[in-house]
Amino acid sequence: MRRDVAGCGVAVPRCREGRIQRTVPPLPHAADAILSDVLDMAGEAIIVLDDRARLSAFSRASEKLFGWSAAEVVGQPFAMLIAGEEGMNRQRLDQLGSGSHGLVGRHKAGHSFALTLDLAARENPAGRHFIAALRTWPARPVDPERLARLEYENTHLARLAVVEAMGPALAHELSQPLTAVALYLQAAEAMLGPQDAAGAMVGKARREAERAGRIIRALRRFVENRLPESVPVVLDPLVDEAIDLALLGRNPRPAIARDRAESELTVMADPVLVQQIIVNVVRNAMDAVEGLAEARLWIATRRVDGRVHLSIRDSGPGFPAAVMAELFAPLQTSKPGGLGLGLALSRSIAEQLGGSISVDPGGGGQGATVSVVLPLARQTSPEAVQRSA
């Protein structure tokens, strides 16, 4: 027999003796329902992971972001949603720790996209679990005029850097034959005489040869004196602008996971030179993944032992051993139409600024990683710090 209690419409069973039999509501299941409603109402994609990095909750926004339904992914490893992170297990989550991290998401349809992961670890009676909010990397507003100016400045700087790297050698190699040409022409001019028409033409050729020698010497003096003094500059804005410059004209564009430093990192450098390094390295990484089904880049800035580390990793095939042997040698390139000057100039600039560039060649299914190390600026007034090139 059942009866309605207190007019509430809640039917509860009555024992044979006539006493009401109280039932305890399934609180855990009610809490799960409330959690599910909260997740579905959230604007951001929110997921919950268990202590084995498996998905235990998947919000409605997460379904839209990744293309999977909750029924398809709950119980599956988190790694299925993250490109290039097949080892995304409990140890990897602990290594990442709480905070924001740049990753590359993998959609159900197969394409990749830049992703920001906000991670928090929690302990409960059932064990350790992780709560993560995920969002796509927001597109920053781009000023076309500024990008055009930066592109011009970087192109101009690249040309000057080429002259700087090759100028002394070219001046030495060209000055000798030009001097010899001028002497031969002077002798021919004397043999022909000033009244001879051919002699007049030879005289003109001699003067042009002498002028060419003067131009080379002037260029060499210009290059040797052009580098300005280093100034304190915040690195991350330079990196962001360099990425925008490197993406100009790229179609399709690779997915870029951008992991910024937790606090502003200020380096002592020429901002235009530093940006030229980053543009060169990022463009090389984009060339390495061009045409790949999953074209991805990971770009991160960190402070390590009093210096600033910028790493650019790609999902390409890596550098073969034969290429690594002369990777930084001028005029050595594996790209059709390339000059082989980008990395050589970048290393030269980094060393002039008191830094360095190193390369992990990758291979075996792993892409290459280029690491740029620059000196950290000493404490200075905020007014003296530059935030862009």
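Everything below is about the structure printed above this text.
Residues numbered from 1 in each chain as written. Predicted model: local features only at pLDDT ≥ 70, side-chain atom pairs only at ≥ 80, totals over all residues. Heavy atoms only, no water.

## Structural notes on the sheet that holds strand 7 (residues 127–136)
- Pairing within the open sheet is antiparallel, and its 5 strands lie in the order 4-3-7-6-5. A single partner strand is all that each edge strand has here, and the edge strands are strand 4 (55–58) and strand 5 (99–106). The average angle at which neighbouring strand axes cross in this sheet is 30°, direction not considered. (Pairing = 2+ DSSP bridges. Helix = DSSP H or I, 4+ residues; strand = E, 2+ residues; numbered from the N terminus. Axes fitted to C-alpha atoms, helices over the stretch in contact; angles between N-to-C directions.)

## Things to note about unusual backbone geometry
- For the peptide bond that leads from N251 to P252, omega is 0°, which places it in the cis range.
- Here P252 lies in the loop between helix 7 (235–247) and strand 9 (255–259).
- One non-glycine residue, A53, adopts positive backbone phi at about 60°.
- Position of A53 among the secondary structure elements: in the loop between strand 3 (45–49) and strand 4.
- Using a relative accessible area of 1% as the deciding quantity, one classes A53 as buried.
- Positioned with a positive phi, D305 is a non-glycine residue whose angle comes to about 50°.
- Mapped onto the elements, D305 comes out in the loop between strand 11 (296–304) and strand 12 (307–314). (Buried < 20%, exposed > 50% of the residue type's maximum accessible area, 1.4 Å probe, protein only.)

## Some details on the sheet that holds strand 14 (residues 369–375)
- If you trace the 5 strands from one edge of the open sheet to the other, you get 9-11-12-14-13, paired in mixed fashion. Unpaired on one side and paired on the other, strand 9 and strand 13 (356–360) mark the two borders of the sheet. Looking at each pair of strands side by side, their axes are set apart by 15° on average, direction ignored.
- Bridge count between strand 9 and strand 11: 5 bridges; the pairing is parallel.

## Some thoughts on the side chain of S62
- Note that S62 resides in helix 2 (residues 60–66).
- On the accessibility criterion, S62 (0% relative accessible area) is buried.
- Reaching out from S62, the side chain makes a polar contact with the backbone oxygen of I46 at a distance of 3.2 Å.
- A polar side-chain atom of S62 sits 2.9 Å from a polar atom in the side chain of S59.
- If we skip the residues at most four places from it in the chain, S62 touches A45, I46, I47 and G67. (Polar contact = N/O pair within 3.5 Å; in protein donor to acceptor, adjacent residues only side chain to side chain. Contact = heavy atoms within 4.5 Å.)

## Some thoughts on the packing of aromatic side chains
- Overall, the coordinates contain 2 aromatic pairs when judged by the stated rule.
- Between F58 and F66 the ring centres are 6.3 Å apart and the planes differ by 40°, which places this aromatic pair in the tilted class.
- Aromatic side chains F66 and F113 sit 5.8 Å apart centroid to centroid with 55° between the ring planes, which places their arrangement in the tilted category. Of this pair, F66 sits in helix 2 while F113 sits in strand 6 (residues 112–124), and the two are 47 residues apart along the sequence.
- Taken together, the ring pairs connect F58, F66 and F113 into an aromatic cluster.
- Sitting above the plane of the W298 ring, R313 keeps its charged end 3.9 Å from the centroid. (Phe/Tyr/Trp six-rings, centres within 6.5 Å; stacked < 30°, edge-to-face > 60°. Lys NZ or Arg CZ within 6 Å of the ring centre and 35° of its normal.)

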